[in-house]
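Chain by chain, the residues run as shown.
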Amino acid sequence: MKNFKLYIPVAVFAVLAVFMWQGLFLDTRTLPSVLIDRPLPEFELRSLEMGDRLLTTADLPDEPFILNIWGSYCLPCLQENPIFMSAKERGIIPIIGLNYKDRDDAARNWLDINGNPFDLNIIDDNGRYGIDLGVYGAPETFLVDANGVIRFKHIGVINYRIWEDEIMPAIAAIRAGGNS
Amino acid sequence: MIPELGNFALILAFCLSVLLGFIPMIGAARNNVLWMSLARPLTVGVFVFLSISLFVLGYSFVADDFSVQFVASHSNTMLPIYYKITAVWGGHEGSFLFWTWMLGGWMLAVCIFSKAMPDEFVARVLAIMGLICVGYTLFMLATSNPFDRVLPFPPADGADLNAALQDFAFIIHPPSLYMGYVGFSVVFAFAIAALISGRLDAAWARWCRPWANAAWAILTLGLSLGSWWAYYELGWGGWWAWDPVENPPLITWLLGAAMIHSLAATEKRGVFKSWTVLLAIMAFASSLLGTFITRSGLLTSVHAFATDPTRGVYILGFLALIIGGSLILYAVRAPQLKSEFGFGSFSREVFLLANNLILVVASAAILLGTLYPMVYQAMSGGDLISVGPPFFNTIFVPLMGILVVLMAIGPISRWKRTSFAHLRAQLGKVAIAAVSLGVVIPVLLTMDVPFGTIGTAVLALWVIFSMASDIKTKIANKSSVVSGLRSLPVSYWGMTLAHFGFVMTMAGACLTSIYSIERSVLLQAGQSAELGRYTFRFEGTRYVEGPNFIADEATIVVSRGGEFYKNLYPQKRLYVASGTPTSQMGIDGRFLRDLFTTLGDQRENGAWSMTVYVKPFVRWIWIGTIFIAFGGILAVTDKRYRQFKVKQSEKVARDNPGTTLAGEIV
């Protein structure tokens, strides 16, 4: 075919369409992360609180906790902060922050201004650990059980409805599962 | 009962679109004048019924009819009336009806302003737009009907319009964006009609150009309003985030810009014909892709509408049919669209080609960056990654830099062949002036060597001086400057203004990203914070009430060098019905810089968190786009399009006496 190059646009479009077709059924919000029911990946990272000491999974709570991916640049994080603050005040569950692709000073400043709901803030400034966790972008929220196994993941902002309808039941389920 | 009328009107619009999609098309193929002549009445019918449908939805909002699901989830009795009406486009279903109505509006415009074109061509164009309308109306009826009811137990009150949308810009941003977006379907229909008929000549390009310009200019405004809105509403001090949903309109805009330039060459020189057609198809495809991305839940984003895979499947099927079909048609028919003339390797054609290449590469890169997370996810079986601003900036900024360099040369070079000596004569002094002033002024002003600023200044002056030099050469033989300026064609002024606006936008974007400063502080009443040359003193907050929100309003006294300058009043609002907090910025916008303050939350000891910004030149970004859009619209009004119409209609009347609507007018 002498005009085969004229078919290039339609071929490119076809390839794109196939990917989009696949993309439709990989819902970024509800598809369980491949990490669900797997242990939290190992890390060795600094924290906002502990100076130069490198933290590992051993420093995490030995009860169920929330791991929240946040950044000072992240607008939705500001929106979910009051929810975490009230959870902290009511002592519902320990909340660990993963400060993702951020600057330390900006992060500290943000916590000073908006309130710090986190028991501990692990620093993932270059986003490497985020790759291990399959992070799409801040905010994301993981629930980790007492054995350090990821049990739940929510991508995107948490509002009061999601907190009541999804997060709280998931916490209850993990605690129930732990007792039995 | 009334919502059912809206639904019924929508069904009728669908039925009429089906007729419009087939009867005039078959009529054009068989040269059946009666069938072709049905195109206009059917189009009017489609528009009328879409309008009834839209009106009924608006009425349901105004009447607080919460038995309609869409009204219940996007309105509230306390919502002010202007937001009730505009809440029509505040969610997926209603905004799609609005979108489809816009398509109907453009179809009606084609009906009215196509009197100069042959009947056969108009019939095909309207039929193609009718087919697109079939897809849209069927989509609504099948997957997202805005008239779905919550019966038998409707809620007593609605859930309220998303708090972030309750702003003046929400009233104007979606309409202008949609209008521009949908306008590209006109050019697409022109391109497909040309492919079907095999007729693509200078006349075709001349019919096409006003439509392409109008759609593109309106899209420019829509994009700019969106950016301005994001800037003052979202409160992070930015104006563009490379969000997956911001990107598709930008891709469409870039492809549209490429198409406008390519159309110029097609009209004037009969070259780039099949390329122009391909651009028209791609621009339209990118607009559909934008729809697909926002409405299918393919990519998560602040803009994304509710996610629903069936909608995605439908839109993707429609996309495959329309775009796949037209690209195959293109592959089959494009060999017939031969260029009429050749051109030298150093000519205006070549510079236009370079412009097109840059714009298309930029759009391809943005498309890649936008879809890559999805492709990666599909290939890796579920892992997610994101592509951030660094990727887009790294590619986009240098490409725009090259584009601006060429922007000075292209308009000065001649069609067919331009000599190097000609360019050197016109641009030699321009280059020297731009480089010397572009270096000296920033150095003197900052007492430093700011490379980013120097680069920006040199490029901006390079284009502006070259335009001035071009105008000077063009009017050199005229008796006076005024008569000389008057003698230049309107479309030339359109181009010059648009180019100037583009340079202004680029310069604003560069300078604001270099010089913006910000500071987040925790202040008690009476305390102040310094930023740049300004002091912001926090005077405390007071409680204010809006129609459907309550707010804390801070008073911030800004002073400069110890002298009082201005008060700013940022607010922290709580929308009562939905319980959503939002921030209302306190902004002082000036030509050379913005002061921007946001109010955070109250902390212990009554201190408030707040962020203050000084953002130099940020306004240039949006002022520039007004010039771009105005230039585009000005070019539409060029009298040669009108002159040509008269000639053309006379010609048509001569050719088919008595059979044509087109001959009777003008």
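All values reported here derive from a predicted model rather than from experimental measurement.

1. Some remarks on the overall build of chain B
Right, on to step 1. A count of helical and extended segments in chain B gives 20 helices and 10 strands.
Right, on to step 2. In terms of C-alpha radius of gyration, chain B reaches 27 Å, essentially the compact-globule figure of 26 Å for 666 residues.
Right, on to step 3. Projecting the C-alpha coordinates of chain B onto the three principal axes gives extents of approximately 85 × 75 × 55 Å.
Right, on to step 4. The buried share of chain B, reckoned over its 666 residues, is 52%.

2. Things to note about the overall build of chain A
Right, on to step 1. Helices and strands together make up the secondary structure of chain A, namely 5 helices and 5 strands.
Right, on to step 2. Written out in order from the N terminus, the α and β elements of chain A read α-β-α-β-α-β-α-β-β-α.
Right, on to step 3. Referenced to the eigenvectors of the C-alpha coordinate spread, the extents of chain A come out at roughly 70 × 40 × 30 Å.
Right, on to step 4. By the burial criterion, 36% of the 180 residues in chain A qualify as buried.
Right, on to step 5. Of the contacts made within chain A by residues no fewer than 6 positions apart, 73% connect residues no fewer than 24 positions apart.

3. Some points on the sheet that holds strand β10 (residues 608-616) of chain B
Right, on to step 1. The 4 strands lie next to each other as β1-β10-β9-β8 (chain B), forming an open sheet whose pairing is antiparallel. Only two strands of the sheet have a single neighbouring strand rather than two, namely β1 (517-523) and β8 (586-589) of chain B. The mean angle between the axes of side-by-side strands here comes to 10 degrees, regardless of whether they run parallel or antiparallel.
Right, on to step 2. Relative to β10(B), β1(B) is paired through 7 bridges, and the arrangement is antiparallel. Opposite B:E518, over in β10(B), you have B:Y613 as the bridge partner.
Right, on to step 3. Together, β1, β9 (593-602) and β10 of chain B form the strand contacts of helix α3 (residues 104-114) of chain A, whose direction differs from that of β1(B) by roughly 40 degrees.

4. A closer look at the confidence of the model for chain A
Residue and element names in this part refer to chain A.
Right, on to step 1. Per-residue confidence for chain A gives a mean pLDDT of 82, with 91% of residues at or over 70.
Right, on to step 2. The weakest mean pLDDT in chain A belongs to helix α4 (residues 128-133) at 79; the strongest belongs to strand β1 (residues 65-70) at 93.
Right, on to step 3. Low pLDDT (under 50) marks residues 28-32, which in the prediction has 10 contacts with non-local residues, meaning those over four places away or in another chain.

5. Some words on helix α16 (residues 451-474) of chain B
Right, on to step 1. With 24 residues, α16(B) extends 34 Å between its outermost C-alpha atoms, agreeing within 8% with the 34 Å of an ideal straight helix rising 1.5 Å per residue.
Right, on to step 2. Those residues of α16(B) that sit buried are B:T453, B:T456, B:A457, B:L459, B:A460, B:L461, B:W462, B:V463, B:F465, B:S466 and B:M467.

6. Looking at the packing of helix α3 (residues 39-62) of chain B against helix α7 (residues 119-143) of chain B
All names here are of chain B.
Right, on to step 1. Axis separation between α3 and α7 bottoms out at 10 Å; the angle between their running directions is 30 degrees. On the basis of the axis angle, α3 is roughly parallel to α7. Crossing geometry of α3 relative to α7 is assigned as left-handed. For the pair α3 and α7, contact is made by A39, T43 and V46 and by V122, A123, L126, A127, G130 and C133, respectively.

7. Details of the pairing of strand β3 (residues 120-124) of chain A
Residue and element names in this part refer to chain A.
Right, on to step 1. Across the 5 residues of β3, 4 count as buried, placing the element largely inside the fold.
Right, on to step 2. For strand β2 (residues 95-100) and β3, the ladder comprises 5 bridges, and the chain directions are parallel. Note that in β3 the partner of I96 across the bridge is L120.
Right, on to step 3. Handedness of the β-α-β unit built from β2, α3 and β3 comes out right-handed.

8. Looking at the pairing of strand β6 (residues 571-575) of chain B
Residues and elements named next belong to chain B.
Right, on to step 1. With 4 of 5 residues buried, β6 is to be regarded as a mostly interior element.
Right, on to step 2. Note that strand β4 (residues 549-560) and β6 share 5 bridges and pair antiparallel. The residue of β6 that forms the bridge with I550 is L574.
Right, on to step 3. Two strands pair when backbone bridges link them, and β6 and strand β7 (residues 580-584) are joined in this way by 5 bridges, in the antiparallel orientation. Note on β7: the bridge partner recorded for K572 is S583.

9. A word on the nonpolar core
For soluble globular proteins, the rule of thumb is that nonpolar side chains tend to be buried together.
Right, on to step 1. Membership of the largest hydrophobic core comes to 186 residues, with the highest contact counts inside it found for B:V187, B:F190, B:V277, B:A280 and B:I281.
Right, on to step 2. Counting 30 residues, the second largest nonpolar core, distinct from the first, contains A:F65, A:I69, A:F118 and A:V144.

10. What to know about unusual backbone geometry
Residue and element names in this part refer to chain A.
Right, on to step 1. With a phi angle near 50 degrees, K101 is a residue other than glycine that sits in the positive phi range.
Right, on to step 2. With respect to the helices and strands, the residue K101 is situated in the loop between β2 and α3.
Right, on to step 3. Classification of K101 by C-beta neighbours within 10 Å gives partly exposed; the count is 19.

11. Focus: the environment of B:S513
Right, on to step 1. Inspection of the secondary structure puts B:S513 in helix α18 (residues 490-515).
Right, on to step 2. In sequence terms B:S513 and B:M282 are 231 residues apart; their C-alpha atoms lie 31 Å from each other.

12. Overview of the environment of B:R533
Right, on to step 1. The residue B:R533 is located in the loop between β2 (528-531) and β3 (534-545) in this model.
Right, on to step 2. The exposure class assigned to B:R533 is exposed, which follows from the 11 C-beta atoms found within 10 Å.

13. What about the packing of helix α8 (residues 168-197) of chain B against helix α9 (residues 202-234) of chain B?
Think of two packed helices as two axes; the pair is described by the angle between the axes and how far apart they sit.
Residue and element names in this part refer to chain B.
Right, on to step 1. Here α8 crosses α9 at 155 degrees, and the two axes come no closer than 7 Å. Relative to α9, the element α8 lies roughly antiparallel. Taken as a pair, α8 and α9 cross one another with a handedness that is left-handed.
Right, on to step 2. A per-class count over the contact of α8 with α9 returns 25 nonpolar, 6 polar and 1 charged.

14. A word on the domain arrangement of chain B
Right, on to step 1. Here chain B is partitioned into domain 1 (1-153) and domain 2 (517-619).
Right, on to step 2. Just the C-alpha atoms count here: the centres of domain 1 of chain B and domain 2 of chain B sit 44 Å apart.

15. Re the sheet that holds β1(A)
The strands that make up a sheet are held in pairs by hydrogen bonds between backbone atoms, and each pair lies either parallel or antiparallel.
Residues and elements named next belong to chain A.
Right, on to step 1. Taking strand neighbours across the sheet as the criterion, the 5 strands line up as β3-β2-β1-β4-β5 in an open arrangement whose pairing is mixed. Strand pairing shows two members of the sheet lacking a second neighbour, β3 and β5 (150-155), which therefore form its edges. Mean inter-strand twist for the sheet, computed between neighbouring axes without regard to direction, equals 20 degrees.
Right, on to step 2. Summarising the sheet, β1 and β2 pair through 5 bridges and their orientation is parallel. Each residue of the ladder has a partner; that of N68, found in β2, is G97.

16. Focus on the confidence of the model for chain B
Residue and element names in this part refer to chain B.
Right, on to step 1. The share of residues in chain B with pLDDT of 70 or more is 92%, and the mean pLDDT across the chain is 86.
Right, on to step 2. Mean pLDDT across the secondary structure elements of chain B bottoms out at helix α20 (residues 639-655), with 53, and peaks at α3, with 96.
Right, on to step 3. Taken together, the stretch residues 645-666 has pLDDT below 50 and engages in 29 contacts with residues farther than four places along the chain or on a different chain.
Right, on to step 4. Here the complex is predicted with pTM 0.81, and the ipTM for its interfaces comes to 0.77.

Calculation notes
Sequence positions are assigned chain by chain, starting from 1 and proceeding in written order. Chains carry letters from A onward and ligands carry numbers from 1 onward, assigned in written order. The model is predicted, so local features are restricted to residues of pLDDT at least 70 and side-chain atom pairs to those at 80 or more, both for listing and for counting; the totals for chains, interfaces and linings are taken over all residues. Going along the chain from the N terminus, every DSSP run of H or I of four or more residues is numbered as a helix, and every run of E of two or more is numbered as a strand. Put simply, the radius of gyration uses C-alpha atoms, and a globule should come to 2.2 Å times the residue count raised to 0.38. As a rule, residues whose C-beta atom has 12 or fewer other C-beta atoms within 10 Å are exposed, those with 20 or more are buried, and those in between are partly exposed; C-beta atoms are placed from the backbone. By the convention adopted here, residues make contact when the C-beta atoms placed from their backbones lie within 7 Å. Here the rule is simple: two strands pair whenever DSSP picks up at least two bridges between them. Note on definitions: angles span 0 to 180 degrees between N-to-C directions of axes, and those axes are lines fitted to C-alpha atoms, for helices only across the stretch in contact. pLDDT expresses, on a scale from 0 to 100, how confident the predictor is about each individual residue. The span expected for a helix works out to 1.5 Å for each residue beyond the first. An angle below 35 degrees is read as roughly parallel, one above 145 as roughly antiparallel, one from 65 to 115 as roughly perpendicular, and any other as oblique. Definitions for this section: a left-handed crossing has its near helix turned counterclockwise from the far helix by less than a right angle. A right-handed crossing has that turn clockwise. Crossover handedness is defined here as right-handed if the route from the first strand over the helix to the second strand goes clockwise, with the strands pointing away from the viewer. A set of buried residues qualifies as a nonpolar core if it consists of Ala, Val, Leu, Ile, Met, Phe, Trp, Tyr and Cys joined through C-beta atoms within 7 Å. Basically, the charged four are Asp, Glu, Lys and Arg, the nonpolar ten are Ala, Val, Leu, Ile, Met, Phe, Trp, Tyr, Cys and Pro, and anything else, Gly included, counts as polar. The domain limits used here are those given by an automatic or database domain assignment.

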